[in-house]
Amino acid sequence: MTLLTVESLDCRYGLLQAVRGVSFEIGQGETVALIGANGAGKTTLMRAVAGAHRPHGVFDGIDITRIPAHRRVALGIALVPEGRRLFPGLTVEENLRVATSRRRGRWNVKSVLEVFPLLQPRRHVAAANLSGGEQQAVAIGRALMSNPRLLLLDEVSLGLAPVVVDAVYRSLTDVIREGATVLLVEQDLTRALKVAGRVICMLEGRVVLEGDAASLDRDRVVRAYFGLKRPA
Amino acid sequence: MKVQRWTRTSSLFTGGTAVLAVLLACVPLVFDPDVVQKLTTLLILVLLAAMWNALAGYGGMLSVGQQAFIGIGAYGTVFFARQGVSPYMAMILATLLAGAISVPISLFALRLRAAQFAIGMWVIAEVISIIVRLDQNLGAGTGISLIELNQYEPNFRQAYTFWLALAFAVIFLAALFFLLRSPLGTSLQAIRDDEDAARSLGVRVAARKRLLFVLAGFGCGAAGVLVVANTLFIEPSSVFSVQWSAYMIFMVLVGGLGTFEGPILGAVLLFAIQTTFTQGGPWYLVGLGATAALFALALPRGLWGTIEERLGLRLMPVGYRVVEAQREKKVA
Amino acid sequence: MTLVNAVLQGIFLGAFYAVLACGLSIMFGVMRIINLAHGDVAVLGAYIVFVIVEHTGVSAFVAFAAALPVMVVLGYILQLTVLERSLKAGILTPLLATFGLSIVIQNLLQLTFSPDVHSLGGSAGVVTTSSWQVTSGLSVSALGIVVLAVAVLVFGALQVFLSRTRAGWVMRATAEDADAAELVGIDSRSVYARATAIAVAIAALGGLFLGIRSVFDPVSGPTQLIFAFEAVVIGGMGSLWGTLFGGIALGVAQTLGAQVHPQFAVMAGHLLFLAVLIVRFGGGRAVLPGVRRALLLRTAR
């Protein structure tokens with residue numbers, strides 16, 4: 001069943017067009033990796049799906065084009081933004097509690113802390129005083145608190161040590177196993193190909209490659225990533 | 001393709017303003033002292049609007065306290081006149097005093113951003129007002145008259161005052177005009193648009209803002225001088241009143257913040273409203289306040305700014321135009 | 001003893017300033033807006049109480065309870081009409097728009113009521129006039145105690161609201177990052193409206209106290225705004241408890257100033273405010289070397 005349909009997405013910043021005519025679908029339970037060089041339009045695309053940018057999109061049969069960001073959360077779309085964007089003065093628990101929505105599901109403060117045990121002792125620490133890995137965990141947990149059907153993850157590995165990223169992805173795999181539908185942006189190609197079922201590669205605002213992660217060979221992906229033409 | 005400063009329109013218009021200035025100089029010779037006094041008021045408004053625009057429109061500094069300098073100019077005139085200086089000489093000195101005082105104030109005021117600067121200037125005006133109020137020699141709280149002007153016959157006095165007002169208006173507008181045409185002018189535009197970015201490009205933000213601030217200090221001081229010359233009687237509660245700031249804000253917002261011609265248009269409008277609604281009182285002030293707020297929210301470029309944008313019109317050659325073979329595209 | 005009494009009276013006065021400043025501080029903390037019409041909103045509150053008292057004869061405090069919902073609604077309207085638009089427009093726009101609003105309120109009040117001064121002291125009952133002589137030089141007024149108690153209560157309640165309730169966390173989150181707040185399901189528009197409503201209600205409380213302690217007229221607003229802003233700045237912008245401290249500091253400065261010369265009271269407050277600005281924004285670093293250099297030159301001669 002198709003959970004998200006994006007149709008001819010166009011996103012602009014003033015005169016700069018960041019996303020050009022992008023269309024794709026995500027089925028329920030899928031994990032799709034969105035890859036591409038910096039400036040390809042990935043973050044803009046994610047923000048557009050989450051509602052921070054206004055394009056055309058259909059979610060679970062509902063046209064969400066005009067629905068503002070805060071109401072998309074109630075529909076089941078949650079974004080873990082690039083750079084985490086935690087509320088620095090609020091504690092871990094407050095950051096989580098602030099993000100509860102009316103949606104019922106298995107995620108609450110207790111279960112989030114179970115999936116990210118490193119946060120247990122830091123529960124009442126202000127977000128500004130957390131380490132990078134802890135902040136990323138809170139950011140993901142915060143998105144989970146609304147029990148989303150579609151989880152959007154923008155560059156969760158950015159600025160984190162590899163060993164920390166491993167821990168984050170381990171918890172993420174647990175989350176994915178629970179049946180979440182995930183659209184994630186990931187700079188690290190290897191990780192992206194490992195965790196995702198499908199891959200969409202963007203270049204200069206357009207989709208240049210799409211396919212199953214297993215069937216795509218790495219070479220082809222790299223060429224699409226950098227926009228290199230294949231030899232005739 | 002070439003970069004152009006003057007267009008046919010702006011050449012015509014600038015020439016026209018020079019002619020206008022000469023014509024205005026003849027006003028006292030033609031009209032009654034009453035009319036001359038009213039037109040002096042108009043010139044005071046033009047001066048104030050231009051100065052407030054210099055601060056906010058070109059410098060990004062929103063001051064709700066320029067009445068400090070108006071008061072210094074007014075009371076300074078009385079002070080110097082009482083020391084035995086000839087009244088019109090006292091006026092020049094008072095203007096210089098206002099400008100001089102603006103320098104030390106700028107040392108600390110310019111480090112303040114937005115709201116702190118706005119209200120900080122207001123508090124400074126209040127402080128100066130209180131100091132003046134304490135001085136018995138300056139009439140304390142009840143006000144004082146520039147009786148030294150009585151040595152002149154009313155017609156002559158009104159004429160001299162008008163010519164002084166015209167001279168001040170021309171001088172300060174010209175100063176602003178040349179300032180904006182200089183390389184300083186472009187950097188001021190940059191500062192207004194994004195101060196931090198301008199600083200990172202090497203623009204000496206502080207020095208430029210100080211220049212505008214001091215210019216406005218001189219200009220508002222000159223306005224204060226003209227107020228006492230025009231009305232003869234001043235009191236702290238009127239000359240240091242925040243009402244002046246209200247008028248300046250109205251004129252510039254409605255006329256066109258950041259444009260050269262806008263404030264002049266705003267001054268003419270305010271003058272027209274004031275003369276039509278002389279007994280208006282609270283109603284006309286409600287209108288002023290509501291209009292200012294509406295313009296701030298809905299028409300931030302003001303009347304002139306919107307006209308300029310729609311018609312691509314620039315009457316005074318303050319910006320640049322990039323001219324291509326057939327089509328003209330405005331750049332600055 | 002007079003010095004101690006002055007400080008004590010300063011604390012009572014300062015508590016009043018703190019209540020006046022509280023709403024201004026909230027709006028700045030949550031929305032980064034300084035509402036230049038804040039003083040006029042407080043005076044408007046005083047007038048609404050006055051109208052209720054005139055028509056029903058109830059005590060000022062009862063009238064305030066009735067006026068409160070009106071003020072809350074006005075706060076919502078203010079946010080949704082004027083402030084919301086200015087939020088998106090830039091730094092200068094909120095200042096300009098609220099300045100215009102200030103003039104509108106002052107003059108509408110002048111048209112509705114006369115320019116005469118009014119007072120709520122008469123209808124506040126025994127609170128206005130009671131006082132206790134603690135020692136020969138020290139007197140404590142009932143009103144002073146009431147205002148101080150209310151101030152502490154209001155600030156305390158706000159603190160509890162912000163740190164222990166979900167609505168409070170939501171407000172703090174929106175204040176820190178409105179964009180991210182939207183992404184977790186928070187409607188920032190309604191949070192801002194709530195903050196303005198609270199600010200306006202507390203401003204009205206300040207207006208009530210203004211009317212009881214002294215008199216008010218349609219143009220009293222700007223003076224209250226200046227005191228409120230001074231209190232906020234002295235205590236540190238963005239700090240809630242700082243505003244309470246700042247208010248008290250301002251009150252004490254004024255009463256101590258009055259000891260020097262009766263007309264010096266307000267001036268002392270202004271000077272404290274300017275001094276805090278200089279010190280905090282480093283203007284002192286520029287002025288001080290200049291002054292030192294000038295003094296050195298003089299002594300060298």
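Data block above holds the structure.
Quick caveat, the model's predicted, so the values are computed rather than measured.

Caption draft 1: Layout of the interface of chain C and chain B. Listed by partner, the interface residues are 37 residues for chain C and 34 residues for chain B. Every element with two or more residues in the side of chain C that touches chain B is listed here: helix H3 (60-89), helix H4 (92-112), helix H9 (221-235), helix H11 (265-280) and helix H12 (283-300) of chain C. Ranked by residue count, the leading element in the side of chain C that touches chain B is H4(C), at 14 residues. For the side of chain C that touches chain B, a count of residues per class yields 27 nonpolar, 9 polar and 1 charged.

Caption draft 2: The environment of A:Ala74, seen in detail. By the element assignment, A:Ala74 lies in helix H2 (residues 69-75). Look at A:Ala74 and you get partly exposed, because 13 C-beta atoms sit within 10 Å. In sequence terms A:Ala74 and A:Ser146 are 72 residues apart; their C-alpha atoms lie 7.4 Å from each other. Sequence-distant contacts of A:Ala74, defined by excluding residues within four places in its chain, comprise A:Ser101, A:Arg102, A:Arg103 and C:Gly185.

Caption draft 3: Expanded view of helix H14 (residues 282-298) of chain B. The terminal C-alpha atoms of H14(B) lie 24 Å apart, and with 17 residues this matches the ideal 24 Å at 1.5 Å per residue to within 8%. Those residues of H14(B) that sit buried are B:Leu285, B:Leu288, B:Gly289, B:Ala292, B:Ala293, B:Phe295, B:Ala296 and B:Leu297. Buried-residue contacts for H14(B) involve helix H12 (243-255) and helix H15 (302-311) of chain B together with H3 and H4 of chain C.

Caption draft 4: View of the interface of chain C and chain A. At the interface, 15 residues of chain C touch 20 residues of chain A. Of all the secondary structure elements, the ones that give two or more residues to the side of chain C that touches chain A are helix H6 (166-176) and helix H7 (178-183) of chain C. A per-element tally of the side of chain C that touches chain A places H6(C) first, with 6 residues. Partitioned by chemical class, the residues of the side of chain C that touches chain A number 7 nonpolar, 1 polar and 7 charged.

Caption draft 5: Quick look at the packing of H9(C) against H11(C). Residues and elements named next belong to chain C. In the contact formed by H9 and H11, the axes pass within 9 Å of each other and the chain directions differ by 40°. Put simply, H9 runs oblique to H11. As for how H9 packs across H11, the hand of that crossing is left-handed. Between H9 and H11, the contacting residues are Glu230, Val233 and Ile234 on the first element and Gly269, Leu272, Phe273, Val276 and Leu277 on the second. For the contact of H9 with H11, a count of residues per class yields 6 nonpolar, 1 polar and 1 charged.

Caption draft 6: View of unusual backbone geometry. All names here are of chain A. One non-glycine residue, arginine 85, lies in positive phi territory at about 50°. Its place among the elements puts arginine 85 in the loop between strand E6 (77-80) and helix H3 (92-97). Under the C-beta neighbour-count criterion, arginine 85 is labelled buried, with 21 such atoms within 10 Å. One non-glycine residue with positive phi stands out, namely glutamate 204, at about 50°. Summarising the element assignment, glutamate 204 is placed in the loop between strand E9 (198-203) and strand E10 (206-212). Judged by local crowding, glutamate 204 falls into the partly exposed class, with 15 C-beta atoms found within 10 Å.

Calculation criteria
- Residues numbered from 1 in each chain as written.
- Chains lettered and ligands numbered in written order.
- Predicted model: local features only at pLDDT ≥ 70, side-chain atom pairs only at ≥ 80, totals over all residues.
- Contact = placed C-beta atoms within 7 Å.
- Helix = DSSP H or I, 4+ residues; strand = E, 2+ residues; numbered from the N terminus.
- Nonpolar A, V, L, I, M, F, W, Y, C, P; charged D, E, K, R; others polar.
- Buried ≥ 20, exposed ≤ 12 C-beta atoms within 10 Å, placed from the backbone.
- Expected span 1.5 Å × (residues − 1).
- Axes fitted to C-alpha atoms, helices over the stretch in contact; angles between N-to-C directions.
- Parallel < 35°, antiparallel > 145°, perpendicular 65-115°, else oblique.
- Left-handed = near helix turned anticlockwise from the far one by under 90°.

Remember that the coordinates give geometry; whether it matters functionally is a separate question.
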